[in-house]
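The chain contents come next:
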Amino acid sequence: MIKDPAIMQPTFKPNDIASTGGNIGAKKSNQTFSNGPIKKHQANVPKCTKSLLIIKNTKKTIPSKTSAAVPNWTWKTLDSPISKVVRGSLPHSGETSKATPRAQKKIEGIEYLLETNVKPNPRAEDCDAMAKVAIEEKVDAIIALGGGSAMDQAKAVAAIVTNGKTTVEWGDVELEHSILPLICIPSTAGTGSEVTWCAVITDTARMYKMTVGDPIHMIPTLAICDPTITLDLPQSLTASCGVDALTHCIEAYTVKVHQPITDALALKGISLIAQNLEKAYVNGHDKEARRNMMIASTIGGMSFISSNVGAVHAFAETVGAWFDTPHGVANSLFLPYIMEYNIPACLDRFVDIADALGIERNGMNDQEYAYSAVPVSYTHLRAHETGAYL
């Protein structure tokens, strides 16, 4: 945790901001690690945070109408040291970002570095390079501002700083020490990474997406989920990230290790996405739709991290590792087909999904009703390709 009193007790109370200190579950029932049982360990936490590493998605130019840039007014209600650091790192709409990969600034006694070398599928070598900078500069905490790639890369960096070794060496094994204090601020509504204890990182040498994570040692300290940040998100990202959230919820509900709490979250997420994704796509400044998509994304993350994901993600991560396909787009390619294939295995679950999607039953039997969910999902998935809903 961060000990700075000004950060521990922020003065801002913006509307529609949800904060959480982790997820609802502990270790997955089917999760295995190579180093034996997990042992609790409290890493050394700095008594006072004076240096922050801010990791955000790279934006070379930020046109006012097409980018995911955060307008200056978004931050008017934020008055904490953290918000001022973040606000100071972001260019206004229409400006060109002049931030260098190691831009170093100081605001109200808090020194910080701004790192922007974040790719759509974060690479192990980039995580290692960024961790080296963080260690050299004696960084005490990290703020991740961006989509799932920025947040996952921040998690990996925070893990390497406290655990040593390289990102690849921590792939698919539990950590030994808690990560650096990490604040996640999602700028998309899709990944739910702000409330999950894992980071999906590409090992480019093996063309393999590995998981760096730990249910005890990699839980973000704080998630600030402000839907106003997503108001200018382009339609393509609105659609693909929304599909990612939908996939999380559907797979969390249909995998074998689902449980009652994740079921409730997943179904609520599916319902929110069905009711709001198209609205957010058509009108990016629909604040209610953006708010509901942010909620759906976050609870989707809480759902799958305490159950699991399935074949859609297995295919999508393989394609992402081989061809560098953005994760949400890859999910959209496989979700309808995996749904159709899985329906016979858990018919009642897909009946529930059809109901959560808001499909009218109109006399259909269970099988017909379950399969009716597939074309509805397929319709939502294709927005990023066609430029309009089918």
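Residues numbered from 1 in each chain as written. Predicted model: local features only at pLDDT ≥ 70, side-chain atom pairs only at ≥ 80, totals over all residues. Heavy atoms only, no water.

Caption draft 1: Summary view of the nonpolar core. Of all hydrophobic cores here, the largest spans 45 residues; its most connected members are Ile250, Ile270, Ile273, Phe350 and Ile353. Mapped onto this core, the elements with two or more residues apiece are helix H5 (235-254), helix H6 (260-282), helix H7 (287-305), helix H9 (327-342), helix H10 (347-356) and helix H11 (366-381). Those residues in contact with phenylalanine 350 that sit more than four places away from it in its chain are Ile250, Thr254, Met339, Asn342, Ile343 and Ala370. Membership of the second largest hydrophobic core comes to 33 residues, among which are Ala131, Ala150, Ala154 and Met218. (Core = buried A, V, L, I, M, F, W, Y, C linked by side-chain atoms within 4.5 Å. Buried < 20%, exposed > 50% of the residue type's maximum accessible area, 1.4 Å probe, protein only. Helix = DSSP H or I, 4+ residues; strand = E, 2+ residues; numbered from the N terminus. Contact = heavy atoms within 4.5 Å.)

Caption draft 2: Summary view of the environment of cysteine 225. Locating cysteine 225 in the fold gives a position in the loop between strand S8 (222-223) and H5. When the C-alpha atoms of cysteine 225 and proline 186 are compared, they prove to be 6.2 Å apart, with 39 residues separating the residues in sequence.

Caption draft 3: Main features of the confidence of the model for the protein. Here the protein averages 78 in pLDDT, while 70% of its residues score no lower than 70. Note on residues 59-101: pLDDT under 50 across the span, and 84 contacts to partners over four residues away in sequence or across chains. (pLDDT = per-residue confidence, 0-100.)

Caption draft 4: Up close: the pattern of salt bridges. Applying the stated criterion across every chain yields a total of five salt bridges. A salt bridge links aspartate 126 to lysine 119; its shortest N-O distance comes to 2.8 Å. On the accessibility criterion, aspartate 126 (10% relative accessible area) is buried. On the basis of relative accessibility, which here comes to 29%, the residue lysine 119 falls in the partly exposed class. When the shortest N-O distance is used, the salt bridge between arginine 361 and aspartate 366 registers 2.2 Å. Its relative accessible area of 40% is what places aspartate 366 among the partly exposed residues. (Salt bridge = Lys/Arg side-chain N within 4 Å of Asp/Glu carboxyl O.)

Caption draft 5: Here's a closer look at the packing of H5 against helix H8 (residues 311-323). As a packed pair, H5 and H8 sit with axes 9 Å apart at the nearest point and diverge in direction by 140°. In terms of orientation, H5 lies oblique with respect to H8. Across the interface between the two elements, Asp244, Thr247, His248 and Glu251 of H5 pack against Ala311, Val312 and His313 of H8. Partitioning the contact of H5 with H8 into residue classes produces two nonpolar, three polar and two charged. (Axes fitted to C-alpha atoms, helices over the stretch in contact; angles between N-to-C directions. Parallel < 35°, antiparallel > 145°, perpendicular 65-115°, else oblique. Nonpolar A, V, L, I, M, F, W, Y, C, P; charged D, E, K, R; others polar.)

Caption draft 6: Expanded view of the packing of aromatic side chains. Under the counting rule described, the total for this entry stands at two aromatic pairs. Ring geometry for phenylalanine 315 against phenylalanine 334: centres 5.2 Å apart, planes inclined by 25°, an arrangement best described as stacked. With phenylalanine 315 in helix H8 and phenylalanine 334 in helix H9, this pair connects stretches of sequence that are 19 residues apart. Judged by its relative accessible area of 21%, phenylalanine 334 falls in the partly exposed class. In this arrangement the basic side chain of lysine 165 is found over the ring face of tryptophan 170, its NZ or CZ atom lying 4.7 Å from the centre. (Phe/Tyr/Trp six-rings, centres within 6.5 Å; stacked < 30°, edge-to-face > 60°. Lys NZ or Arg CZ within 6 Å of the ring centre and 35° of its normal.)

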